[in-house]
Amino acid sequence: MKKLLILLFSIFLLSSPSVFADDISDFEIEGISIGDSLLDYMTEDEILEEIEITKNHYSYLKEPNKYAEVYIWKDFPTYDWVSVFIKNNSTNQYVTNINEKFTILFIRGFIKYNEDFDSCIAKRDEIAETLSKVFPNANTRSKVVEHSIDPSGNSFIDVVYFDFDSGGTAEVYCSNFEETLRIKNNWAEGLNVAITSEEILEWLGNHK
């Protein structure tokens with residue numbers, strides 16, 4: 001049975017050994033799991049509309065439109081919003097199975113901490129400690145990475161990764177944008193909890 005990452009905020013979760021797992025497919029964020037069809041949560045028209053909105057978000061990658069990010073705007077109990085990655089339909093026109101065409105390969109839940117990085121890190125560390133007990137066999141690593149979207153180098157993420165033998169990763173991190181840039185673009189910064197497949201990791205790491 002899949003376990004909800006939103007429950008990771010509960011101490012009760014740690015009392016049961018059945019929550020231990022070794023693969024990202026065992027978990028959900030707000031009821032959404034890697035491998036699900038996005039059509040279970042949105043209509044095709046809603047998906048295509050979101051793809052159009054986010055089409056330039058990853059212009060700093062070598063293949064910026066290989067995958068598409070879709071935001072799911074609902075009243076979630078834990079996160080301010082959830083986003084997913086799917087294969088970009090415009091580059092996969094030969095895929096005839098509509099559910100395969102909209103298979104979820106990445107899920108991220110986000111909570112705003114604008115101009116409150118210390119509080120974000122405190123919550124990040126709390127969740128990371130819980131994840132280390134839920135994923136006892138995962139390889140854990142942490143790092144601070146400059147955000148590729150900011151050429152000045154003044155925007156960064158502070159992240160803890162949990163790497164699985166299957167190639168996927170769970171991660172929890174705080175984003176911190178240079179303030180002028182954040183305000184100009186109306187961006188939010190804060191806590192991210194994400195489940196990522198291996199192919200999305202490779203794509204996001206392939207910068208121009």
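Parameters and conventions
- Residues numbered from 1 in each chain as written.
- Predicted model: local features only at pLDDT ≥ 70, side-chain atom pairs only at ≥ 80, totals over all residues.
- Heavy atoms only, no water.
- pLDDT = per-residue confidence, 0-100.
- Contact = heavy atoms within 4.5 Å.
- Salt bridge = Lys/Arg side-chain N within 4 Å of Asp/Glu carboxyl O.
- Buried < 20%, exposed > 50% of the residue type's maximum accessible area, 1.4 Å probe, protein only.
- Helix = DSSP H or I, 4+ residues; strand = E, 2+ residues; numbered from the N terminus.
- Core = buried A, V, L, I, M, F, W, Y, C linked by side-chain atoms within 4.5 Å.
- Pairing = 2+ DSSP bridges.
- Axes fitted to C-alpha atoms, helices over the stretch in contact; angles between N-to-C directions.

## Overview of the confidence of the model for the protein
So, point 1. For the protein, per-residue confidence averages 82 on the pLDDT scale, and 82% of positions sit at 70 or higher.
So, point 2. Scored below 50 in pLDDT, residues 1–20 shows 40 contacts in the model against residues more than four places distant or in partner chains.
So, point 3. pLDDT under 50 marks residues 92–96. Its contacts with residues more than four places away, or in other chains, come to five contacts.

## As for the pattern of salt bridges
So, point 1. Tallied over the entire structure, the rule returns ten salt bridges.
So, point 2. The partner of Glu52 in a salt bridge is Lys55, and the shortest N-O contact between them spans 2.6 Å.
So, point 3. Judged by its relative accessible area of 48%, Glu52 is partly exposed.
So, point 4. Taking the shortest distance from any N to any O, the salt bridge between Glu129 and Lys133 comes out at 3.9 Å. Of this pair, Glu129 and Lys133 both sit in helix H3 (residues 117–134), four residues apart, which is roughly one turn of the helix.
So, point 5. Classification of Glu129 by relative accessible area gives partly exposed; the value is 48%.
So, point 6. The structure contains a network of salt bridges with shared partners spanning Glu115, Glu179, Arg182 and Glu189.

## A word on the nonpolar core
Within soluble globular proteins, side chains that are nonpolar generally end up buried alongside one another.
So, point 1. By size, the foremost hydrophobic cluster in this structure holds 39 residues, and its most contacted members are Leu38, Phe135, Phe162 and Val172.
So, point 2. Once you skip the residues sitting within four places of it in the chain, Phe162 turns out to touch Ala128, Leu131, Ser132, Phe135, Ala138, Asn139, Thr140, Gly168, Thr169, Ala170 and Val172.
So, point 3. Formed by ten residues, the second largest nonpolar core is a distinct cluster that contains Tyr58, Tyr60, Phe106 and Trp203.

## Digging into the sheet that holds strand S10 (residues 190–196)
So, point 1. In space, the seven strands of this open sheet follow the order S4-S5-S6-S10-S9-S8-S7, with antiparallel pairing throughout. Every interior strand has two partners, whereas the edge strands, strand S4 (67–72) and strand S7 (139–146), have only one. Strand-to-strand twist across the sheet, computed as the mean angle between neighbouring axes with direction ignored, equals 20 degrees.
So, point 2. Here S7 pairs with strand S8 (residues 156–163) via eight bridges, running antiparallel. The residue bridging Thr140 from the neighbouring strand is Phe162, located in S8.

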